[in-house]
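# Architecture at a glance
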Amino acid sequence: MRLALVTGASRGIGRALAERLSATHHILLVARTEAGLLEADDAIHAAGGTATIAPLDLLDAEAIDRLAEAVAGRWEALDLLVLNAATLGTLAPLAHADPKEFERVVDLNLVAQWRLVRAFDPLLRRARGTVVALTSSVARRAEPYWAPYSATKAALENMMAVYAAEMQALGVNVLLVDPGGTATRMRARAFPGEDPASLKGPKVVAERVAERLAAGLPPGLTRLALDRQGQQLAS
C-alpha cells in the first residue's frame, strides 16, 4: 500500500484528508495533540484503513529530521506529503503585530513546511510522489489585518512552485489546494460571526482533493481552488 504523511491530522481538514486518503494509503498522522491523533487513528481503523501516529511539534526542527529518519528506516518511499498544519495568528494592523507571534506564524506556516520538504525529499523522489500544500485566497490579495498569515501563505505558494519546477524532470509534483471557506476552528476564529452552516465541511475538501489526485497530476505545479460549497473555481 502507498504511504501518505499528513500534518495537522488531529482535526479539521487535516483529519478529513487523513481519513479519506486511508482508503488508498497507509497514513502517518502528524500533529501536536496526541489525543486528537488517537481519535483519527481509531476512525481510520474503524473504516478498515491503517495508520501510524507521530505526535510532533513542527516548530521543533530536529524532531522533523528525526521523524524523516524514522520513516526512512521503515518505508522505502513516501508517495504523498500533505502540508496542512498552519496557524492563523492574531488579526491586527501590521504595525501592531506582536513580534514573537509574527515569528511563530512564519516559523510554522513557512519554515516548518520547508523543513518537511527538505527532510522527506529523498523519499518523495524514490516514489515519484506528490506534495499537497494547503494555501489560502489571502495569499494572492492584500487583505487588511491578515499580514502574517497572508504573507506566509504567499511565500509558501512561491516556494512550492519553485520546488515543483525543480522536481519536474524527477517525477515529483505539487498540488496547491485553496480550500475556500470551510467550517473549521481556524475559520471560526477568523470570522466569529459567520454561520458555519453556510460553509462546506472538511470532508468535502478531502473528497475534492482525493478526486484530483485520483485523476492524475501533470508534471510540475497544479492548483485546486474551491468555493464555499466545494465547487472547483476556475484557475
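A few points on the structure.

## A short note on the nonpolar core
Ranked by size, the top nonpolar core spans 34 residues in total, and within it Leu-58, Leu-81, Phe-120, Met-160 and Tyr-163 carry the most contacts. Where this core is concerned, the elements lending two or more residues are strand S1 (2–7), strand S2 (25–31), helix H3 (61–74), strand S4 (80–83), helix H4 (99–127), strand S5 (130–134), helix H5 (147–167) and strand S6 (173–178). It is H4 that provides the largest number of residues to this core, a total of 8 residues. Residues in contact with Leu-58, not counting those within four places in the same chain, are Thr-7, Val-30, Ile-64, Ala-85, Leu-108, Ala-112 and Leu-116. With 27 residues, the next largest nonpolar core counts Ala-16, Ala-31, Ala-40 and Leu-224 among its residues.

## Considering the pattern of salt bridges
Pairing is possible between side chains that carry opposite charge, provided their charged atoms lie close to one another. Using the criterion set out here, one finds 14 salt bridges in the structure. A salt bridge links Arg-187 to Glu-194, with the nearest nitrogen and oxygen atoms 2.8 Å apart. Here Glu-194 falls in the partly exposed class, since its relative accessible area comes to 21%. Ionic pairing is found between Glu-194 and Arg-228, a salt bridge with its closest N-O pair at 3.1 Å. Residue Glu-194 is found in the loop between helix H6 (185–190) and helix H7 (202–214), and its partner Arg-228 is found in the segment after strand S7 (221–225); the two are separated by 34 residues along the sequence. Here the residues in one salt-bridge network are Arg-140, Glu-157, Asp-178 and Arg-223, joined through shared partners.

## Quick word on the sheet that holds S5
What the 7 strands build is an open sheet, ordered S3-S2-S1-S4-S5-S6-S7; its pairing is parallel. One side of each edge strand has no neighbouring strand; the edge strands of this open sheet are strand S3 (51–55) and S7. Neighbour-to-neighbour, the strand axes of the sheet open up by a mean angle of 15°, direction not taken into account. For S4 and S5, the ladder comprises 4 bridges, and the chain directions are parallel. Directly across from Leu-81, in S5, lies its bridge partner Val-131. Here H5 sits on the sheet in contact with S4, S5, S6 and S7, set at roughly 165° to S5.

## With respect to the packing of helix H1 (residues 12–21) against H7
Two elements in contact, H1 and H7, have axes separated by 8 Å at closest approach and are oriented at 50°. Our classification of the angle between H1 and H7 gives oblique. Crossing hand, H1 versus H7: right-handed. Of the residues in H7, those in contact with Gly-12, Ile-13, Ala-16, Leu-17, Glu-19, Arg-20 and Leu-21 of H1 are Pro-202, Lys-203, Val-205, Ala-206, Glu-207, Val-209, Ala-210 and Leu-213. Counted by class, the contact of H1 with H7 contains 10 nonpolar, 1 polar and 4 charged residues.

## Points about the packing of aromatic side chains
The final tally for this structure, using the stated rule, is 2 aromatic pairs. Relative to Tyr-149, the ring of Trp-146 lies with its centre 5.9 Å away and its plane at 65°, an arrangement referred to as edge-to-face. Between Trp-146 and Phe-191 the ring centres are 5.9 Å apart and the planes differ by 35°, which places this aromatic pair in the tilted class. Remark: Phe-191 occurs in the loop between H6 and H7 and Trp-146 occurs in the loop between S5 and H5; sequence separation between them is 45 residues. An aromatic cluster of three or more residues is present, and its members are Trp-146, Tyr-149 and Phe-191.

## Section: the side chain of Asp-121
With respect to the element layout, Asp-121 can be found in helix H4. The class for Asp-121 is buried, based on a relative accessible area of 14%. A distance of 2.8 Å separates a polar atom in the side chain of Asp-121 from a polar atom in the side chain of Arg-125. Within polar-contact distance, the side chain of Asp-121 engages the side chain of Tyr-163 at 2.7 Å. Residue contacts for Asp-121: discarding those within four places in its chain leaves Tyr-163 and Met-167.

Conventions we followed
- Here the residue index of a chain counts from 1 through its sequence in written order.
- With the structure being a predicted model, the display of local features is reserved for residues of pLDDT at least 70 and the display and counting of side-chain atom pairs for 80 or more, all residues being used for whole-chain, interface and lining totals.
- Side-chain measures were taken over the full set of non-hydrogen atoms in the model, leaving aside hydrogen atoms and water.
- Side-chain atoms within 4.5 Å link the members of a nonpolar core, which is a set of buried Ala, Val, Leu, Ile, Met, Phe, Trp, Tyr and Cys residues.
- For each residue, the accessible area found with a 1.4 Å probe, counting protein chains only, is set against the maximum for its type, and the residue is called buried under 20%, exposed over 50%, and partly exposed in between.
- Put simply, DSSP marks the helices as runs of H or I at least four residues long and the strands as runs of E at least two long, and each gets a number from the N terminus on.
- Throughout, a residue-residue contact means that at least one pair of heavy atoms, one from each residue, lies within 4.5 Å.
- Salt bridges are defined by distance alone: a side-chain nitrogen of Lys or Arg within 4 Å of a carboxyl oxygen of Asp or Glu.
- Pairing between strands is defined by DSSP: at least two bridges between them are needed.
- As a rule, the C-alpha atoms of each element are fitted with a line to give its axis, helices using only the stretch in contact, and angles between N-to-C directions run from 0 to 180 degrees.
- Throughout this description, any angle smaller than 35 degrees is read as roughly parallel, any larger than 145 degrees as roughly antiparallel, any in the 65 to 115 degree range as roughly perpendicular, and the remainder as oblique.
- Two helices that cross are described as forming a left-handed crossing if the nearer one is turned anticlockwise from the farther one by less than a right angle, and a right-handed crossing if clockwise.
- Under the grouping applied here, Gly and all other residues not named as nonpolar or charged are polar, the nonpolar ones being Ala, Val, Leu, Ile, Met, Phe, Trp, Tyr, Cys and Pro and the charged ones Asp, Glu, Lys and Arg.
- We call Phe, Tyr and Trp rings a pair once their centres come within 6.5 Å, taking the six-membered ring for Trp, and we label the pair stacked below 30 degrees between planes, edge-to-face above 60, and tilted otherwise.
- Under the rule applied, a polar contact is a pair of N or O atoms within 3.5 Å (in protein, one hydrogen donor and one hydrogen acceptor; residues adjacent in sequence only if both atoms are side-chain atoms).

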